[in-house]
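Each chain is listed here by its residues.
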There are 2 protein chains.
Amino acid sequence: MDRIPILKFGNALLVTIQVDMHDRLATALEEDLTSRIVSNNARGVLIDISALEVVDSFIGRMLDNIAAVSRILDADTVVVGMRPAVAITLVELGLSLTGVKTALNVERGMAMIHDRLAGSEADDADDED
Amino acid sequence: MDRIPILKFGNALLVTIQVDMHDRLATALEEDLTSRIVSNNARGVLIDISALEVVDSFIGRMLDNIAAVSRILDADTVVVGMRPAVAITLVELGLSLTGVKTALNVERGMAMIHDRLAGSEADDADDED
């Protein structure tokens with residue numbers, strides 16, 4: 001496994017993390033996502049981590065990096081499907097995933113991206129008043 | 001990794017195959033999908049195999065099994081993201097994946113499921129004439 005597949009859903013990209021991440025895989029994922037955001041004109045990135053039993057500082061940093069790069073490219077990053085035990089461990093470890101939005105599942109994450117897009121368009125309309 | 005995550009999108013379920021399948025993982029996936037079709041009232045199953053460089057007879061049989069069980073539960077199975085080399089190898093091996101529908105990517109697969117749902121509703125309406 002040298003690449004994690006990125007699926008396109010409308011104006012969002014979906015990634016499901018299922019395998020143990022290592023340096024090269026994480027770097028490849030960040031690069032692939034960045035180029036796909038640009039080539040697909042994507043406004044959101046959904047990262048499903050429901051398969052992960054452990055989220056350590058390495059994964060946390062990877063998620064932060066992806067969110068930071070996506071934000072610069074004007075795309076929101078939403079992490080979905082986090083297990084309750086993972087959330088507890090993250091807080092205990094002091095890894096609060098600042099800069100990364102979360103949603104309970106992929107449908108809510110998709111709705112969050114659409115809401116924010118609709119909201120920013122409404123803001124644009126307000127500015128014109 | 002003991003389970004492959006199943007994501008819900010409206011009335012369809014999405015599975016991304018990223019890891020090497022072995023007996024127990026395939027059985028677990030079939031069981032999980034079957035129970036999720038019932039519990040989520042799903043009408044379609046999308047299986048993304050874009051990460052697979054090889055589809056052997058074991059994977060082919062697993063896809064056939066999933067499609068057969070799903071059909072009995074009134075859900076369509078669409079395999080998406082097959083690599084060109086995989087398609088060539090499947091034909092050369094005589095594994096034609098009968099009973100499994102295919103689509104180029106997950107968006108087209110989702111559209112295929114929606115089209116068939118709309119079509120079956122139209123047929124129902126015709127029957128009433």
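Residues numbered from 1 in each chain as written. Chains lettered and ligands numbered in written order. Predicted model: local features only at pLDDT ≥ 70, side-chain atom pairs only at ≥ 80, totals over all residues. Heavy atoms only, no water.

In the annotation of an unreviewed UniProt entry, the entry for chain A reads STAS domain-containing protein, and the organism field reads Bradyrhizobium rifense.

### Overview of the overall build of chain A
For chain A, the count of helices and strands is four helices and five strands. Tracing chain A from N to C terminus, the helices and strands come up as β-β-α-β-α-β-α-β-α. Against the globule reference of 14 Å for 129 residues, chain A gives a C-alpha radius of gyration of 15 Å, in line with a compact fold. Expressed as lengths along the three principal axes of its C-alpha atoms, the size of chain A is roughly 50 × 30 × 25 Å. (Helix = DSSP H or I, 4+ residues; strand = E, 2+ residues; numbered from the N terminus. Rg over C-alpha atoms; globule rule 2.2 N^0.38 Å.)

### Notes on the interface of chain A and chain B
On the chain B side, the residues contacting the 19 residues of chain A number 19 residues. Here chain A and chain B share an interface that buries about 1700 Å² over both sides, 60% of which is from carbon and sulfur atoms. It is Phe9(A), Gln18(A) and Glu107(A) in chain A that bury the most area against chain B; as a group they hold 34% of the surface buried on that side. One can count two salt bridges joining chain A with chain B. Ionic pairing is found between Glu107(B) and Lys8(A), a salt bridge with its closest N-O pair at 3.3 Å. Viewed at the interface, chain B and chain A are joined by six residue pairs in polar contact (both at pLDDT 80 or more). Going through the elements one at a time, β1 (6-9), β2 (12-16) and α4 (106-128) of chain A are the ones with two or more residues in the side of chain A that touches chain B. Looking at the side of chain A that touches chain B residue by residue, the class counts come to 10 nonpolar, four polar and five charged. (Contact = heavy atoms within 4.5 Å. Buried area = accessible area lost by both parts, 1.4 Å probe. Salt bridge = Lys/Arg side-chain N within 4 Å of Asp/Glu carboxyl O. Polar contact = N/O pair within 3.5 Å; in protein donor to acceptor, adjacent residues only side chain to side chain. Nonpolar A, V, L, I, M, F, W, Y, C, P; charged D, E, K, R; others polar.)

### Notes on the relation of the copies chain A and chain B
Relative to chain B, chain A is turned by 180° and slid 0.0 Å along the rotation axis, the superposed coordinates differing by an RMSD of 0.0 Å. Taken together, the turn and the small shift mark the pair as related by a two-fold rotation axis. Comparing interface residues between copies, 100% of those in chain A also lie at the interface in chain B; the contact surface is shared. (Least-squares fit on C-alpha atoms with pLDDT ≥ 70 in both.)

### Description of the environment of Ala51(B)
Here Ala51(B) is to be found in the loop between β3 (44-48) and α2 (57-72). Between the C-alpha atoms of Ala51(B) and Val100(B), which are 49 residues apart in sequence, the distance is 18 Å.

### Quick notes on the packing of aromatic side chains
Applying the stated criterion across every chain, the model contains one aromatic pair over all chains. Relative to Phe9(B), the ring of Phe9(A) lies with its centre 4.2 Å away and its plane at 5°, an arrangement referred to as stacked. Residue Phe9(A) is located in strand β1, and its partner Phe9(B) is located in strand β1 (residues 6-9); the two belong to separate chains. Both residues of the pair, Phe9(A) and Phe9(B), count as buried. (Phe/Tyr/Trp six-rings, centres within 6.5 Å; stacked < 30°, edge-to-face > 60°. Buried < 20%, exposed > 50% of the residue type's maximum accessible area, 1.4 Å probe, protein only.)

### Comments concerning the nonpolar core
Counting 58 residues, the largest nonpolar core has Ile17(A), Met21(A), Leu29(A), Ile17(B), Met21(B) and Leu29(B) as the members making the most contacts within it. Once you skip the residues sitting within four places of it in the chain, Met21(B) turns out to touch Ile4(B), Ala26(B), Leu29(B), Phe58(B), Ile59(B) and Met62(B). (Core = buried A, V, L, I, M, F, W, Y, C linked by side-chain atoms within 4.5 Å.)

### Some details on the packing of helix α1 (residues 23-39) of chain A against helix α2 (residues 57-72) of chain A
How two helices sit against one another is set out by the angle between their axes and by the gap between those axes. Residue and element names in this part refer to chain A. Viewed as axis vectors pointing N to C, α1 and α2 meet at an angle of 15°, and their least axial separation amounts to 10 Å. By the angle between their directions, the pair α1 and α2 is classed as roughly parallel. Considering only the axes of α1 and α2, their crossing is right-handed. Contacts from Asp23, Ala26, Leu29, Glu30, Leu33, Thr34 and Ile37 of α1 reach α2 at Phe58, Met62, Asn65, Ile66, Val69 and Ser70. (Axes fitted to C-alpha atoms, helices over the stretch in contact; angles between N-to-C directions. Parallel < 35°, antiparallel > 145°, perpendicular 65-115°, else oblique. Left-handed = near helix turned anticlockwise from the far one by under 90°.)

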